[in-house]
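What follows is the residue order along each chain.
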Amino acid sequence: MPFPDIRKDNRFKDQLSAGQDVLGAFIMVGGPEVVEICGAVGLDFVILDTEHTSTGWEKLSSMCLSALYSGVFPLVRLGSTSRDLVTRALDIGARGVMFAQVQTADQALEAARACRYPPLGTRGAVSGRNVGWGITIGLADYIEDANRGVVCVIQIETRESVSNVESIAAVPGVDCLFIGLSDLSVDLGVPGQVRHPDVEAALDNVIAAAKAKGIPVGIPLADTSLAADYRRRGVSFFATTDRGALASGMTAYVKGFTS
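Cut-offs applied
Residues numbered from 1 in each chain as written. Predicted model: local features only at pLDDT ≥ 70, side-chain atom pairs only at ≥ 80, totals over all residues. Heavy atoms only, no water. Helix = DSSP H or I, 4+ residues; strand = E, 2+ residues; numbered from the N terminus. Rg over C-alpha atoms; globule rule 2.2 N^0.38 Å. Buried < 20%, exposed > 50% of the residue type's maximum accessible area, 1.4 Å probe, protein only. Contact = heavy atoms within 4.5 Å. Areas by Shrake-Rupley, 256 points an atom, 1.4 Å probe, with all protein chains shown as cover. Lys, Arg positive; Asp, Glu negative; His and termini not counted. Charge placed at Lys NZ, Arg CZ, Asp CG, Glu CD. 1 Å grid on protein atoms, 1.4 Å probe; cavity = no way out; pocket = protein on both sides within 12 Å on 5 of 7 lines; lining within 4 Å. Points joined across faces, edges and corners; volume = space filled by probe spheres on them. Nonpolar A, V, L, I, M, F, W, Y, C, P; charged D, E, K, R; others polar.

**Student:** Help me understand the overall build of the chain, please; the structure alone is not making it clear to me.
**Tutor:** Check the secondary structure of the chain and you find twelve helices and eight strands. Over its C-alpha trace the chain gives a radius of gyration of 18 Å, about what one expects of a compact globule, namely 18 Å for 259 residues. Seen along its three principal axes, the alpha-carbon backbone of the chain occupies a region of about 55 × 50 × 30 Å. Sorting the 259 residues of the chain into buried and exposed places 50% on the buried side. Considering only contacts in the chain between residues 6 or more positions apart, those separated by 24 or more positions represent 64%. By element, 55% of the accessible surface of the chain is carried by carbon and sulfur atoms, the whole surface being about 11800 Å². Both charge centroids of the chain, one from 23 positive and one from 29 negative side chains, sit 3 Å from each other.

Put into structure tokens, the structure is as follows:
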């Protein structure tokens, strides 16, 4: 299977921008092979998590290669808007970055600019993997396409970020708002109750702000029976976890012998 030309392959971003459903998974316990399986079953994206995992850069690099090989869009989740970390994530082959715990429009702007080369941003430039190591693609040819194709996902997961969501959604270069329902439930004082009225009200506020700016909205979702309700309300970006899929699959297997 040939590697896609990551300068020009913007199918995922086009789907996302058009508000079409996109399905993916956080990779939290798996590795490159799990990423390949995600591509084989037809997921649209994977989120290679560094916020809640011990995953290092060598493993991230391998998983990015697996994603590109299997045709699934690789994002890396970072717990920081640091330009250095964003540059590293994109240079190893990630096509986008998810930023956890963004509270303000200033932080969202820092994140969006870190994803893009000057003059639109602050991303560092090097002739690395994305430009064929300077052999097959010229850096000047790559930059414009990279700025156009990168995906910047901002997580909204606290009272403060919800209160600032209108200004966050208005930041140029923010491509998606992702509501961290678990963290939001904790911050609202109802840990784990992601369908609590307070969480639901916050979610609706985020959806309204995103709709006003034409930005898609995402949530973590393992229970697909809830998808229809969320889709009706305006969510189009859905992410399960490899950890949850493994646990539920193994649980069902054991129950098949004991029930």
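From this point on, the discussion continues.
**Student:** I'm lost on the layout of surface pockets in this one. Help?
**Tutor:** Empty pockets left among the atoms are what a rolling probe the size of a water molecule brings to light. Each pocket or cavity is described by its volume, and for the largest pocket that value is around 510 Å³. Secondary-structure elements contributing two or more residues to the lining of the largest pocket are α9 (181-187), β7 (217-220), β8 (235-241) and α12 (242-258). Its residues assigned to classes, the lining of the largest pocket comprises twelve nonpolar, seven polar and six charged. One number sums up the size of the second largest pocket: a volume of about 240 Å³. Together, 15 residues line the second largest pocket, and Thr240, Thr241, Asp242, Ala245 and Leu246 are the ones closest to its centre. The set of elements that each furnish at least two residues to the lining of the second largest pocket consists of α2 (32-40), β8 and α12. Looking at the lining of the second largest pocket element by element, the count peaks at five residues for α12. Split into classes, the residues belonging to the lining of the second largest pocket amount to ten nonpolar, four polar and one charged.

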